[in-house]
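Here is what each chain is made of, one letter per residue.
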Amino acid sequence: MFHAIQNSLNIDKESNLTNRDMFHRKMPAIKLFGRTWLAASDDLVYPGIFEIFIRSIWLSLIVTVCVRYYDHTWSCQSGGELVRVYLLGEVAFLVVSILFMLIITRLSAKGSIMETHARKHVEPILTVKILLLLPEISWNILGSLWLFGSNVKCSYEHYTIMITQALVFFDWILIGLTIFGLALIFDPLGLLSKKHLESSVEYGKLSRNWQRRFKFLWWMRKDENANETFQQVAGLLSSLYQGTDLVPSDIIAGCILLRIRQKRETRELHRLNILPVPKYTSDATAIFKNAPGWMSLDNASYYIKLSLAAYGWLYVMYLHICTGCFHILPNLTCCACFRTKRIPIIGDNCCYCYLAGMKTLSDLSTDDILYASFKNYLCEIPFCVIADQNKNNIVIIIRGSLSLRDLITDIAAGSNVFVCEGVPSNSHAHSGMIIAARLILKKLDDNKVLERAFNTYPHYDLVITGHSLGAGIGILLGFLLRPRYPSLKVYGFSTPAGLLSRELARITEEFVFTVGIGDDLVMRLSVDSVENLRTSLLIALRVCPLPKYRVVLNGLGYILFGIPEKDLENTWNAYNMITTVSGETPLLNDRDINTVEESRIYERDISKRRYSKVKLYMGGRILHIIKCKTEQSKNSKSQNKKEKKFEMRWAQPEEFTELIVMPRMLLDHLPECIDKTLITLIEQQKD
């Protein structure tokens, strides 16, 4: 199959040699004043056009003022010459700035993304342009002193000093916008080394810089797990950053190119008739024929609602932007901190807003809640324990990501040894989620929550549920609690891919039911997949002959009108782009091939630069649901209503090891999308 694909694409060996030379260059991050910045030499086209537009309007206004009022300044009681000097100086600054930006914009548009030699004059000219900001600021300071002081006195029927003062004021706004733009692309980690650093030295330097950056998160530094978490996150980000000069615009352009590449690959594989077609079905009877009874669409639909409720009042406000307060108000408990607590609730405010949000999003009553912790620190995730009267279960509900602390917990994604009774030795799991699961277990044990719950409800079973981060932590907590409660079950929704080593993932198929839909980003998100995506981005950027401004402009067109067929052909130089198939096991893009490509790009020891040493997978028995891609029916509207909207199949963790760039990769992760999809699937079974 590999040779067939190569032959079909007619790979030109000489072109590949040319491409190979391109791989030895770093990304073209711009270098100014002894440091690299978060911008490239080809990022100045649209900012340049914007600045030219603003300054041209400003110039026309000042010229209008000069034409209309210049002669009247001769009649000022005092300081008329200062007004004339300021206006003429301001016109000169604006003309010079517009000329510089015209040159910079023209040069920035030259060449492809990697052809930095075509833009070699951008950096020195931009340096001069930035330095001109200093005399412009000085000139405006003088203008402010002159025009807002007592030096100028002009007040006649045809002219007033207020017009010139307004020009000074708005010029400060223009200068402020320029400084704000520079602040956006300033990189505190962008210091340049005068000599080549060894891989380990550079890695250590980057890691220390990232840890210094985290010190600005002063509200997190007091968290119990802050030091350990920050070290892990700094290590990961340093590994991803090391050896590249990727800037945000490169990532945006790379994602656009990868989307085109995936469509091109799929088209080529269809043409060669070698595209594996997974068998999806809308028949739940066939899907769940050999599955245990607790794995069902009804149960999944029931527990996604509980997982959604864990997001609390903020999620109510998100769902009901205008009327959220009115939905929460009936469930609020005024001055709850001064009342006798019927149940242990930790970390909520005085009106129990978080609890009110949970009750609003579900049918829970206060009596159903046995314990709730809404504290949210690094690796400490809100959760609650309820007595589910409908299903006769004690349910632990763990919230997904909702804050910056949760995001950092997600990013602490390195693999760590997971020690637990009943699991194989040398098993690995997501570092941040291991800490979070053990913290939840500690709270449960310290407060004897489960012991008291099962003393009250001795015939109930234990269930854990959660969405996204909550699903990952729930699976690890399930491992920790399973020796005590062998019948424990876990319902995970949009479970992260980088969670468990493969042997642990196989064990979870016995007690974990995972549901995911479509192109969910998080279900494919792991350290390994991010490192592979980084490599794919670099490769895609290097073989694209188009300038970046064209790629970004085309991307906007793709969002509005879709990708035209001709762009699948003229976007690439001659290079073998068949690497992955959307939603399927990779054909040619495995870890070894990525390592080879990275060696060509970075010329370093990849085994030292790769952060992920153990590949982690999603846990549970995975039910993957997709939207049907059927042609528009010619039947009546009543018949269209009976058409199947979603199909499903059992999937393997290996199918979610590569990140794909798709339009719905973020939307498919939202819990309300999963809820609506499951409801629709259940309704389909009644037709």
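The name given to the protein in an unreviewed UniProt entry is sn-1-specific diacylglycerol lipase, and the organism recorded there is Bombus terrestris. Database annotation for the protein, UniProt heading Cofactor (unreviewed entry): "Ca(2+)". Per UniProt, the protein carries the Subcellular location (unreviewed entry) text "Cell membrane".

This next bit is on the environment of Lys391. Turning to its location among the elements, Lys391 is positioned in the loop between β5 (383-388) and β6 (393-398). In sequence terms Lys391 and Asn299 are 92 residues apart; their C-alpha atoms lie 9.3 Å from each other. Aside from chain neighbours lying at most four places away, what touches Lys391 is Asn299, Tyr302 and Tyr303. Within the local environment of Lys391, its side chain forms a polar contact with the side chain of Asn299, the two groups lying 3.0 Å apart.

All right, on to the packing of aromatic side chains then. Each aromatic ring pair is described using two quantities: the centre-to-centre distance and the angle formed by the ring planes. If you walk through the whole model with that rule in mind, you get 19 aromatic pairs. Between Tyr303 and Tyr491, the aromatic rings sit 4.5 Å apart at their centres with planes inclined by 20 degrees, giving stacked as the arrangement. Pair noted here: Tyr303 is in helix α12 (residues 297-309) and Tyr491 is in strand β10 (residues 489-493), with a separation of 188 residues, a long-range link. Looking at Tyr491, the relative accessible area reads 3%, which means it is buried. Aromatic pair Tyr315 and Tyr318: ring centres 5.4 Å apart, planes at 45 degrees, arrangement tilted. Of this pair, Tyr315 and Tyr318 are both found in helix α13 (residues 312-319), three residues apart, which corresponds to roughly one turn of the helix. Take Tyr315: its relative accessible area is 7%, and that puts it in the buried class.

Sequence positions flagged by UniProt for "transmembrane region" (unreviewed entry) are, in local numbering, residues 52-70, 82-105, 126-149, 161-186 and 308-329. In this annotation, residues 82-105 is assigned 100% helix and 0% strand; the end-to-end C-alpha distance for the span is 34 Å. Helix makes up 68% of residues 308-329 and strand 0%, and the two end C-alpha atoms of the span are 19 Å apart.

Conventions adopted
- Residues numbered from 1 in each chain as written.
- Predicted model: local features only at pLDDT ≥ 70, side-chain atom pairs only at ≥ 80, totals over all residues.
- Heavy atoms only, no water.
- UniProt positions renumbered as here; feature names shortened; annotations may be inferred.
- Helix = DSSP H or I, 4+ residues; strand = E, 2+ residues; numbered from the N terminus.
- Contact = heavy atoms within 4.5 Å.
- Polar contact = N/O pair within 3.5 Å; in protein donor to acceptor, adjacent residues only side chain to side chain.
- Phe/Tyr/Trp six-rings, centres within 6.5 Å; stacked < 30°, edge-to-face > 60°.
- Buried < 20%, exposed > 50% of the residue type's maximum accessible area, 1.4 Å probe, protein only.

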